[in-house]
Amino acid sequence: ITGNGGRGVNLNTYYTYYSSCSGTCVEFGVDNTYFLGNQGGDIAYGYGEGYYRNQATWSLDFTNNVFDAPAKPAISSYVGPSYTGYYYPTGSLMNISGNRFLNSTAGTPLDVELDPVRNGVVRVIIADNYFLNDAEPPTISVPAAGSSQVTWMVVNNTFEGSQGNGLDLYLANTGSGN
């Protein structure tokens, strides 16, 4: 997927309320794909916030891809519809493994966030990736609330030629009852 004026792949979800699905509500993966020079970045996913994602589980898998010279983050997230109030998904999986992020000179190769989980389980796997010549560090944010369990597995990643930190990870406790 090369040379697009916008994003290589864009997923925008609107309403994944728990009653409309069973098990994992959203499964989104991009595997074994080569991206080159997409002006809007390579992969972006938008998620509904609060009520629009109440008790819905997500699985995001980005594995064994090559991201070369993206003009914006190779993988990014954004809030789709927003809803004020405390409604939460019950669990999420984010797996970014086996990828090559090359020459992200316009910024960070990763700028991703999950919607806060309340009293659920989140697994974040960042493994076996290679980062070369990044202008800014990859950034991953996973907020949680209540008695959530967040498990990070960050192993076997290589960072070369970074102009800042190797990797920025954020875990914020948010919402009521904390």
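The structure under discussion appears in the preceding block.
Residues numbered from 1 in each chain as written. Predicted model: local features only at pLDDT ≥ 70, side-chain atom pairs only at ≥ 80, totals over all residues. Heavy atoms only, no water.

1. Some remarks on unusual backbone geometry
Phi is positive for Ala69, close to 55°, though the residue is something other than glycine. Here Ala69 is to be found in the loop between β6 (66-68) and β7 (75-79). The phi dihedral of Asn156 falls on the positive side, at around 55°, and the residue is not glycine. Take Asn156: it is sitting in the loop between β16 (149-155) and β17 (158-160). Using a relative accessible area of 59% as the deciding quantity, one classes Asn156 as exposed. (Helix = DSSP H or I, 4+ residues; strand = E, 2+ residues; numbered from the N terminus. Buried < 20%, exposed > 50% of the residue type's maximum accessible area, 1.4 Å probe, protein only.)

2. A look at the pairing of strand β2 (residues 26-31)
Burial along β2 is one-sided: the face carrying Val26, Phe28 and Val30 is buried and the face carrying Glu27, Gly29 and Asp31 is not. Judged from the six bridges that link them, β2 and strand β5 (residues 57-63) form a sheet pairing that is parallel. Paired with Gly29 across the strands is Asp61, a residue of β5. (Pairing = 2+ DSSP bridges.)

3. Focus: the side chain of Asp168
Among the structural elements, Asp168 can be located in strand β18 (residues 168-170). In this structure the side chain of Asp168 is engaged in a polar contact, spanning 2.9 Å, whose partner is the side chain of Asn165. Apart from residues no more than four positions distant in its own chain, Asp168 is found in contact with Pro137, Pro138, Thr139 and Ile140. (Polar contact = N/O pair within 3.5 Å; in protein donor to acceptor, adjacent residues only side chain to side chain. Contact = heavy atoms within 4.5 Å.)

4. Things to note about the sheet that holds β16
Read across the open sheet, the five strands follow the order β2-β5-β8-β12-β16; overall the sheet is parallel. Each edge of the open sheet carries a strand with a single partner, namely β2 and β16. Across the sheet, the mean angle from the axis of one strand to that of its neighbour is 5°, orientation sign disregarded. In the sheet, β5 pairs with strand β8 (residues 91-97) via seven bridges, with the strands oriented parallel. By the bridge assignment for β8, Thr57 is matched with Gly91. (Axes fitted to C-alpha atoms, helices over the stretch in contact; angles between N-to-C directions.)

5. A closer look at the sheet that holds β6
Taken together, the five strands give an open sheet; going across it, the order is β3-β6-β9-β13-β17, and neighbouring strands pair in parallel fashion. Of all the strands in the sheet, the pair left with one neighbour each is β3 (34-36) and β17. In this sheet, neighbouring strand axes are inclined to one another by 5° on average, regardless of whether the strands run parallel or antiparallel.

6. Section: the packing of aromatic side chains
Summed over the entire model, instances satisfying the criterion amount to six aromatic pairs. Where Tyr45 meets Phe62, the ring centres are 6.3 Å apart and the plane angle is 25°; that geometry is what we call stacked. Of the two residues, Tyr45 sits in strand β4 (residues 43-47) while Phe62 sits in strand β5, which places them 17 residues apart along the sequence. Judged by relative accessible area, Tyr45 falls into the buried class, the value being 0%. Accessibility expressed as a relative area gives 1% for Phe62, which makes it buried. Taking 4.7 Å as the distance between ring centres and 10° as the angle between the ring planes, the aromatic pair formed by Phe131 and Phe159 counts as stacked. Here Phe131 is found in strand β13 (residues 130-132), whereas its partner Phe159 is found in strand β17, with 28 residues between them in sequence. Take Phe131: its relative accessible area is 1%, and that puts it in the buried class. Linked through ring pairs, Phe35, Phe67, Phe101, Phe131 and Phe159 together constitute an aromatic cluster. (Phe/Tyr/Trp six-rings, centres within 6.5 Å; stacked < 30°, edge-to-face > 60°.)

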